[in-house]
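Results of the structural survey
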Amino acid sequence: MASLGERIASFFSGNDSTADEGLRDLFITNLKSVYYTEKRAVDALADQAEASTTDEVGQAFINHEQQSRNQVERLEEIFRIIGIRAEEHKSGAIDGLIHDAHWVITNTEPGSLTRDAGLIIAAQAIEHYEIAIYGSLLTLAHVLDFTQSAELLAVTLEEEKETDRKLTALAESFINSGSKEEEEHHPGSHHASLNSNFGSGSDVTLGGPLGV
Ligand SMILES: [Fe+2]
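Residues numbered from 1 in each chain as written. Predicted model: local features only at pLDDT ≥ 70, side-chain atom pairs only at ≥ 80, totals over all residues.

In this structure, A101, L119, I120 and A122 are the most contacted members of the largest nonpolar core, which totals 23 residues. For this core, the element with the most residues is helix α5 (residues 113-143), which contributes eight residues. Here L119 is in contact with Q48, A51, S52, V57, A101 and V104, once residues within four sequence places are set aside. Residues L31, V34, Y134 and L140 belong to the second largest nonpolar core, which totals 13 residues. (Core = buried A, V, L, I, M, F, W, Y, C linked by C-beta atoms within 7 Å. Buried ≥ 20, exposed ≤ 12 C-beta atoms within 10 Å, placed from the backbone. Helix = DSSP H or I, 4+ residues; strand = E, 2+ residues; numbered from the N terminus. Contact = placed C-beta atoms within 7 Å.)

A few words on the packing of helix α2 (residues 17-51) against helix α3 (residues 55-82). Interhelical geometry of α2 versus α3 gives an angle of 160° and a closest axis separation of 9 Å. Considered as vectors, α2 and α3 are oriented roughly antiparallel to each other. As α2 packs across α3, the resulting crossing turns out to be left-handed. When α2 is examined against α3, the residues L31, V34, Y35, E38, K39, A41, V42, L45, A46, Q48 and A49 are found in contact with a partner set consisting of G58, F61, I62, H64, E65, S68, R69, Q71, V72, L75 and I78. (Axes fitted to C-alpha atoms, helices over the stretch in contact; angles between N-to-C directions. Parallel < 35°, antiparallel > 145°, perpendicular 65-115°, else oblique. Left-handed = near helix turned anticlockwise from the far one by under 90°.)

Within the chain, residue pLDDT values average 85, and 81% of them lie at 70 or more. This model gives residues 190-205 a pLDDT under 50, and the stretch forms 16 contacts once residues within four places in sequence are excluded. Every residue in residues 207-212 scores below 50 in pLDDT, and together they form 11 contacts with partners more than four places removed in sequence or on other chains. (pLDDT = per-residue confidence, 0-100.)

Taking 1.5 Å as the rise per residue, helix α4 (residues 92-107) with 16 residues should run 22 Å; its terminal C-alpha atoms sit 22 Å apart, in good agreement. Contact partners of the buried residues in α4: α2 and α5. (Expected span 1.5 Å × (residues − 1).)

Examined against the element boundaries, V42 turns out to sit in helix α2. Taking the C-beta count within 10 Å as the criterion, V42 has 17 such neighbours and is therefore assigned partly exposed. Sequence spacing of V42 and Q71 is 29 residues, and the spatial spacing of their C-alpha atoms is 10.0 Å.

Let us now look at the packing of α2 against α4. Remark: α2 packs on α4, axes separated minimally by 10 Å, with the N-to-C direction vectors making an angle of 5°. Comparing the axis directions of α2 and α4 gives the class roughly parallel. Residues Y36, T37, R40, A44, D47, Q48 and A51 of α2 pack against I94, I98, A101 and I105 of α4. Taken together, the residues of the contact of α2 with α4 sort by class into seven nonpolar, two polar and two charged. (Nonpolar A, V, L, I, M, F, W, Y, C, P; charged D, E, K, R; others polar.)

Okay, structure coming up:
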């Protein structure tokens, strides 16, 4: 068995066409998967904006919905650049994450701060997933020398990281203190509707930055 270093050296010297083809296929599959992800995210963000309690959280979802539409177009541009028809590859991961976001809407009181807290948690899970996929796609684009694609992917990746930072800031500066206030005025209400998801009596931890 060859070492990773040997295989990589062989790949970069152009002596490993199998790896080149395999990595190219991996890039295309992940591109189709993130294309599917962004399209589902656009729909989910509209629902989240409509369901949110506060103007700030609702506006954050509306802004990111528009941004996601631009990201869909950017992906279509990448499909054009590499000469592949734009197609979606179903992703069970994003389907599950969006299912969790809808769970928040059906299991929290309309107009409650708890709902916004839950929506932010669900939105950050989606962001972190997107960041992981775009990060991997960017690495593959560099390896495969897809320079133009890499530039476009880097723009989207930065947008996703910025959105994640904004959600963290919203969670820290607004929701944490707001939920605490709600808990003080209506003891127990803060935990009641989220207990089944986060464990009875445990606090809701918001906006955990992943260092991205
Ligand atoms: Fe996105």
